[in-house]
Amino acid sequence: MSIFKRREIPVIITAFSGFLMVIEYFFTIPLVASISTGIREWASLIAAFAVGLGATNLGIIHASRVRHRRENWYLSAWLLFVMVLMIIVGIFGTTKHPLYDFLFANVYSTVGPTMWGLLAFYLASASFRALRVRSLESLLLLISAILLMLLSAPIGGIIPGVTVVANWVQNVPNTAGMRGILLGTALGAIGLSIRTLLGYEKGYLPE
Amino acid sequence: MDETKNKPSEKMAKLDARIIYLAMFIALLIPILRPLGLPLPISDMTRKAYEYVDSLPSGSKVLLALHVSVGLWPEVEPGTIAILSHLFSKSIKVVIISWGADEPVLVESTLTKVDKMGKQYGVDWVNLGYYAGMETAMAAFAKDVHGLVKRDFYGTPIENLPIMKDIKSAKDFNLVIYDTASDIAPMIRQFVAAYGIPMVAFCTIGWVPSFMPYLTAGQIVGMVPGIRGGAEYELLIKRPGSGATTTDALSLGFILLIVLSILGNVIWYSRKIGMR
Amino acid sequence: MVFKEGRIATFFALVIVVGAILYFINRAKIGKISKIRKIPGLIAIEEAVGRATEMGGSVLFIPGIGGLTTVEGPETLAGISVLNYTAKLCARLGTKIVAAIRMPEVIPLAEEAISTAFRMEGKFEEYRPDMVRYLSSDQWGIATGAMGIMQRERVKANIMLGFFAGEALALAEAGAVAGAIQIAGTATNTTQLPWFASICDYCLFGEEVYVAGAVLSEDPIQLGSIAGQDVGKFMAICLITIGILMYLLKVDWLIRLLKI
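Each chain carries its own residue numbering, running from 1 in the written order of its sequence. Written order determines the labels here, with chains lettered from A and ligands numbered from 1. Only residues with pLDDT of at least 70 get local features here, since the model is predicted, and only at 80 or more are side-chain atom pairs given and counted; chain-wide, interface and lining totals rely on the full set of residues. Water and hydrogen atoms play no part in the side-chain values, which are based on all heavy atoms of the structure.

Colleague: Looking at this model, I keep getting lost on the interface of chain B and chain C. Mind explaining?
Modeller: Interface size is commonly expressed as the accessible surface area that is lost when the partners come together. Opposite the 12 residues of chain B that make contact, chain C presents eight residues. By convention, the term buried area covers the 1.4 Å-probe accessible surface removed from two parts as they join, with the contributions of both added. Taken together, both faces of the contact between chain B and chain C bury some 830 Å²; the carbon and sulfur share is 53%. For the chain B face of the interface with chain C, the top three residues by lost area are D183, W207 and S210 of chain B, together amounting to 35%. A pairing counts as a salt bridge when a side-chain nitrogen of Lys or Arg comes within 4 Å of a carboxyl oxygen of Asp or Glu. At the boundary of chain B and chain C, one finds zero salt bridges. Distance and chemistry together define a polar contact, namely a pair of N or O atoms within 3.5 Å, with one atom able to donate a hydrogen and the other to accept it when in protein, and with adjacent residues in sequence counting only for side-chain atoms on both sides. The tally of links from chain B across to chain C stands at one residue pair in polar contact (both at pLDDT 80 or more). Elements with a minimum of two residues in the side of chain B that touches chain C: α6 (135–143), α8 (185–195) and α9 (208–216) of chain B. Helix numbering and strand numbering both begin at the N terminus, where a helix is a DSSP run of H or I of at least 4 residues and a strand a DSSP run of E of at least 2. For the side of chain B that touches chain C, the element with the highest residue contribution is α8 of chain B, accounting for three residues. Only heavy atoms enter the contact rule, under which two residues are in contact if any of them lie within 4.5 Å.

Colleague: When you look at the interface of chain A and chain C in this model, what are you seeing that I'm missing?
Modeller: The interface is formed by 56 residues belonging to chain A together with 73 residues belonging to chain C. Between chain A and chain C, a total of about 5,500 Å² is buried, with carbon and sulfur atoms accounting for 70% of that surface. On inspection of chain A and its partner chain C, the count reaches two salt bridges. Close ionic contact of E24 of chain A with K4 of chain C constitutes a salt bridge, the shortest N to O distance being 3.8 Å. Our enumeration of links across chain A and chain C arrives at 13 residue pairs in polar contact (both at pLDDT 80 or more). Put simply, the parts of the chain that give the side of chain A that touches chain C at least two residues each are α1 (8–26), β1 (27–28), α2 (30–67), α4 (98–129) and α6 (162–197) of chain A. A class-by-class count of the residues in the side of chain A that touches chain C yields 36 nonpolar, 12 polar and eight charged. Any two strands between which DSSP finds at least two bridges are classified as paired. Pairing of β1 of chain A with strand β1 (residues 2–3) of chain C involves two bridges; the strand directions are antiparallel. By the bridge assignment, T28 of chain A is partnered in β1 of chain C with V2 of chain C. Gly is put with the polar residues, along with every residue not named as nonpolar or charged; the nonpolar set is Ala, Val, Leu, Ile, Met, Phe, Trp, Tyr, Cys and Pro, and the charged set is Asp, Glu, Lys and Arg.

Colleague: Is there a simple way to explain the domain arrangement of chain B in this structure?
Modeller: The start and end points of each domain follow an automatic or database-based domain assignment. Taken as a whole, chain B is organised into domain 1 (3–34 + 249–275) and domain 2 (44–240). Put simply, the middle of domain 1 of chain B and the middle of domain 2 of chain B, counted by C-alpha atoms, are 40 Å apart.

Colleague: When you look at unusual backbone geometry in this model, what are you seeing that I'm missing?
Modeller: Working note: non-glycine residues mostly have negative phi, and peptide bonds are mostly trans. Residues and elements named next belong to chain B. For M117, which is not glycine, the phi torsion reads 50 degrees and is therefore positive. By the element assignment, M117 lies in the loop between α5 (103–111) and β3 (125–130). Look at K238: it is not a glycine, yet its phi comes out positive at around 60 degrees. Here K238 is to be found in the loop between α10 (226–236) and α11 (242–275).

Colleague: Hey, could you run me through helix α3 (residues 73–93) of chain C in this one?
Modeller: Working note: α-helix, 3.6 residues per turn, so residues spaced by three or four point in the same direction. Residues and elements named next belong to chain C. Here the expected length of a helix is defined as 1.5 Å per residue gap, with one fewer gap than residues. The terminal C-alpha atoms of α3 lie 30 Å apart, and with 21 residues this matches the ideal 30 Å at 1.5 Å per residue to within 8%. Partly exposed describes any residue whose relative accessible area lies between the buried limit of under 20% and the exposed limit of over 50%, with all areas from a 1.4 Å probe on protein chains only and scaled to the type maximum. Taken across its 21 residues, α3 has 18 buried, putting it largely inside the fold. G94 lies just past α3 and shows a positive phi near 70 degrees.

This is how it looks when you write it as structure tokens:
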């Protein structure tokens, strides 16, 4: 087996980087601070380079669809065309190029909010279909949802008592529940981190 | 023939989702075309944010950190326009930094809609552009601004920008405003917990329940939620804008959601009774 | 070695929690296994994959939309661990699996998780690179891409585990419309939990997400670490109780102590 496929190497790198970050968070040690800064910059760079990996993955899958004339292959061809166009304009023209600016303002920044707008429709169908009162807990969920929707809707403020009750739901039971979950989540993250740093969490590691 | 199939409750239960979508479309469209002028009470969280910003003396330095994708920008834009107008009107210096790639371009477009009251770029405000790495970048910026940032969004070395001369670390800011559509915890850790800098959140409405513990614990001094918060802030600075015109749609949309969730349950129970 | 201001108390709290986790790991090593409650959502994965197989459909897995270099990193890793388990089941039953990825740095981990699973089941020749699909780094790019996969590729089991945000509702609704059995879980972004709980068949929340990989592995050492976390929880409960009492008695030395 290749040395790069061994589990020990990623575990050692993870443990070294992870423990260094923990030390840097609590203590002022110039050497550790400079090494951890370097590791952070590496992490940002690797993440940035991974975009190329994503583009390659996307390119391979969609080029294969076009080549084999699979169903809706022309949509894959359109995706590849737009992806290449944005890459060329972004790299050679930079983000200040008029064509990049035009595509950003008229395509990207209009399509993005439109996708978010879809959520209003999904929210409507989910409210009709999914918020069923099957138990006392789901009844409480529905009542809380209605109160908080009234609180979020500006008009809710004119219904007497709604703001007071909804604010109480938001500030007391909601905050208490959120804090409990946050505490559990933080402890869960610490536990997972320890398992990862010690190499016990193996799901992402090569066999 | 199965008679239950003809019952109204059966028909309603199998309601085509597109009818629901159409109802939502109409509920949102009508108030945008013809504003209904529904009342807009100011919430405590927005008032707290406004009062804190308003209490800052002229010449204070504020960091406006952005992490809102292009899709959600319209939800926070009215609030962003309002807060920038408020800051410029009080001659407060504004440093803008983005934790996402889209935001520097988006904020540039938003700034064209703000009355800058004669304020100069590089002297009174600056757009530092995008820095990758999220919490890693936040920590690096908070610790050593000049260590992370070498040039602004336009490529000007920051040594050449007068506003950046006295800003070395997070400690040099009087307030951090986080315009966000993501979790606030990383900013709380890197600015509030680490340096004790007060923070105000301008967030999308979906994040409000998650941010409440930080507001009640005093880790953020105010919160301006989504379009509604933006509209409230516009009213507080007495400059009604795009936020105020869309709050009617918000009200009607939420009312429809409430009606649908009650209707869904009524139909579900009718069917249950019918089946017995 | 100089402590940073305001982090001394946090350091000792972390030492206690980590110490407890290591203690329970060592206990597990000598055969003293801690009892961990069953998580219905995890048990249901086998049922979901089985149902997708029976119906001739496929399994869609989304390990969240978070990356690795952010605070969502642990959630993403938890999702990848469950992806590994799900891929093993799919390899065993010959069911098609697709992992939809948002952040590019997650691609190698997802590829490794699926290929390792197929290799361990002795079916590496059935592994295909297009089982891992990077859809878009844009939040709605991946959401619409995954919704398209649900419709086009007869997804009958939709498993979403990791960090999710505003797209959670749309994904869950699209999965419901596609007739898929749905298992979803998220930890840090609790605002999405009501939708997952309402729409999906099974829901994991909070730390259940982080421990999923450990629970599914049935590895006593990993299970031991979960028991250690409970010491931290007990410590938090004690601090909250003492804090409330001290607040009522107007004594603030504990607050000052925790701020050092």
